[in-house]
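Chain by chain, the residues run as shown.
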Amino acid sequence: MRRITYRTALREALDEEIARDPMVLLMGEEVAHYNGAYKVSEGLWEKWGDRRIIDTPISEAGFIGMGIGASMLGLRPVMELMFWSFYTVAWDQIVNNAAMVRYMSGGKIHCPIVIRGPANGGTSVGATHSHTPENIMANFPGMKCVCPSNAYDAKGLLKASIRDNDPVMFMESTKLYGEEWDVPSNEDLPDGELVIPLGLADIKREGQDISLIGHGRAVITCLEAARVLEQEHGIQAEVVDLRSIRPLDEDTILDSVAKTHRAIYVEENKPYSGIGAQIAYMIQQQIFDELDAPVLRVNSLDAPAIYSPELEKIQLPVPEVVIEKALSIC
C-alpha cells in the first residue's frame, strides 16, 4: 500500500485508461503544455503527445460540444473543466445532446464522455466559480453523476466512468487535490487494476446510533463529526459515502438507516432542491417505520458563495453543525 494524493490518483486513472484504450483522450484548457490548471494531467502530454492530450481554447461551449460529437462517433473523451461552474456555458450541449442522444436515437448512438473538474466552494474564488451542480446534473435521465471523497475512490470511479457508455459528470474538489490516502498499486490488486463500479455506495465508518450520509468532501466532514461524537458523547455514527449520486445505491442507504434509526444528510450543495431532499424523501417513503427521529440535513447556506475567506468558512458545512444536529436527535 502507498499513500498518494487525490490528483495523483486521477492522473493514474487517466494514464492507465489512455494506455488501455486508443479511443480515450483528454481535452481541456491548459491540460497539455501547462500540465493542467490543478496539475492533474502533469506529464501526460509529454508521454502521450498532441493526439491524446489536447489543449483547447477558452470556450466551454466549443470544446464540450466537440467532445460530445466525438464521443457519438466512437471516441471516449475526458473533458476537463477548470471549474464546474462553467458548465452553464455548454448547458445545451450537455443536457440536450449528451444526455438525450441515446434515448432520442432509439439506442443507436451512445455518448461515452466524461466531463470532470472541481465543483466546490471554500477556496475564496467568488460566486461564479464555486458552484456545486451535482443535483442539477443528476436531475437529467441519461446522465450519470459521480462525486468521490478520497483518492482511492477517485481513481477507481474515474476508470469506471471512462469505460461507461453514458455521459458521466465527474465532480471533484480543489480542497482534496493535495490530500493523501492509501491507494494500492496495481501489482497489489488481484485483478491488476482498481475499478469501482458506479452506483455502489461505501460504508466509511461502522456505527449503530445514527447514519451520517454524504458525498464528495462532505464525507470528510461526516467522518470528523463521527469521531467527535464517539469520543466526547459516546455516540457511534455510521458514515455512508454515496460515491455516485446517479446511479444511486438505495439499498446501502436504507440498510444503514434501518440499523441506526436516525439519519442526517450532509452536503456542500445548497438546501433548495438538493440531493439531501431526495435522500430524505426516499428514506421516509420506503422505511418510515424504522425512523426514531426526523431525517435532518446539513447544507451550505442558501446564498451565492461568499468571497470573504472568513465568511465562506461558516457558509459551508462544518463538523460542529453536524454534531449539534446529531445530538438533537440522539
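A.B. asks: What exactly am I supposed to notice about the pattern of salt bridges here?
C.D. replies: For side chains bearing opposite charge, pairing can occur when the charged atoms are close. By the definition in use, this model includes 29 salt bridges. When the shortest N-O distance is used, the salt bridge between Lys47 and Asp15 registers 3.0 Å. Of this pair, Lys47 sits in helix 2 (residues 44–48) while Asp15 is found in helix 1 (residues 6–20), placing the two residues 32 residues apart along the sequence. Accessibility expressed as a relative area gives 52% for Lys47, which makes it exposed. Here Arg217 makes a salt bridge to Glu268, at a shortest N to O gap of 2.9 Å. A residue pair is termed long-range when its members are at least 10 positions apart, and Arg217 in the loop between strand 10 (210–214) and helix 8 (218–233) and Glu268 in the loop between strand 13 (263–266) and helix 10 (275–287) qualify at 51 residues. Salt bridges here are not isolated pairs; linked through shared partners, they connect Arg2, Glu12, Glu16, Glu17, Arg20, Lys155, Lys159, Arg163 and Glu193.

A.B. asks: Before we go on, may I ask you to explain the pairing of strand 4 (residues 76–80) in this structure?
C.D. replies: The two faces of the sheet receive side chains in turn, since in a regular strand these alternate between them. Across the five residues of strand 4, five count as buried, placing the element largely inside the fold. Both faces of strand 4 are covered, namely the face carrying Arg76, Val78 and Glu80 and the face carrying Pro77 and Met79. Inspection of the sheet shows strand 2 (residues 24–28) paired to strand 4 by five bridges, in the parallel sense. Within strand 4, the residue paired with Gly28 across the bridge is Glu80. The pairing of strand 4 with strand 5 (residues 114–118) spans three bridges and is parallel. Counterpart to Met79 in the pairing with strand 5 is Ile115.

A.B. asks: Any chance you could explain the side chain of Thr221 here in plain terms?
C.D. replies: For Thr221, the location among the structural elements is in helix 8. Once residues within four sequence positions are removed from consideration, Thr221 is found in contact with Pro317, Val318, Pro319 and Val322.

A.B. asks: Looking at this structure, I do not really get the packing of helix 8 against helix 12 (residues 319–329). What am I missing?
C.D. replies: If you want to describe how two helices pack, look at the angle between their axes and the distance between the axes. Interaxial distance between helix 8 and helix 12 falls to 9 Å at its minimum, and their mutual angle equals 55°. For the element pair helix 8 / helix 12, the angle class is oblique. Crossing hand, helix 8 versus helix 12: right-handed. On helix 12, the residues that touch Thr221, Glu224, Ala225, Val228, Leu229 and His233 of helix 8 are Pro319, Val322, Ile323, Ala326 and Leu327. The class makeup of the residues in the contact of helix 8 with helix 12 is eight nonpolar, two polar and one charged.

A.B. asks: Please clarify how the state of the cysteines should be interpreted in this entry.
C.D. replies: Should the sulfur atoms of two cysteines be covalently bonded, the bond is a disulfide. Inspection of the entire model under this criterion finds zero disulfides. Cys147 forms no disulfide, and the closest cysteine sulfur to it belongs to Cys145, at a distance of 4.3 Å. According to the relative accessible area criterion, Cys147 is buried, its value standing at 2%. With no disulfide of its own, Cys222 lies closest to Cys330 among cysteine sulfurs, the gap being 13 Å.

A.B. asks: Looking at this model, I keep getting lost on helix 3 (residues 60–72). Mind explaining?
C.D. replies: Between its terminal C-alpha atoms helix 3 stretches 18 Å, which fits the 18 Å expected from 13 residues at 1.5 Å a residue. When we look at burial in helix 3, the residues that qualify are Glu60, Phe63, Ile64, Gly67, Ile68, Ala70 and Ser71. Within helix 3, the buried residues cover an arc of 165° as seen down the axis, which keeps them to one side. Where helix 3 is buried, its residues meet strand 2, strand 4, helix 4 (91–98) and strand 5.

Calculation criteria
- Residues numbered from 1 in each chain as written.
- Predicted model: local features only at pLDDT ≥ 70, side-chain atom pairs only at ≥ 80, totals over all residues.
- Heavy atoms only, no water.
- Salt bridge = Lys/Arg side-chain N within 4 Å of Asp/Glu carboxyl O.
- Helix = DSSP H or I, 4+ residues; strand = E, 2+ residues; numbered from the N terminus.
- Buried < 20%, exposed > 50% of the residue type's maximum accessible area, 1.4 Å probe, protein only.
- Pairing = 2+ DSSP bridges.
- Contact = heavy atoms within 4.5 Å.
- Axes fitted to C-alpha atoms, helices over the stretch in contact; angles between N-to-C directions.
- Parallel < 35°, antiparallel > 145°, perpendicular 65-115°, else oblique.
- Left-handed = near helix turned anticlockwise from the far one by under 90°.
- Nonpolar A, V, L, I, M, F, W, Y, C, P; charged D, E, K, R; others polar.
- Disulfide = S-S within 2.5 Å.
- Expected span 1.5 Å × (residues − 1).
- Arc of directions from axis to C-beta.

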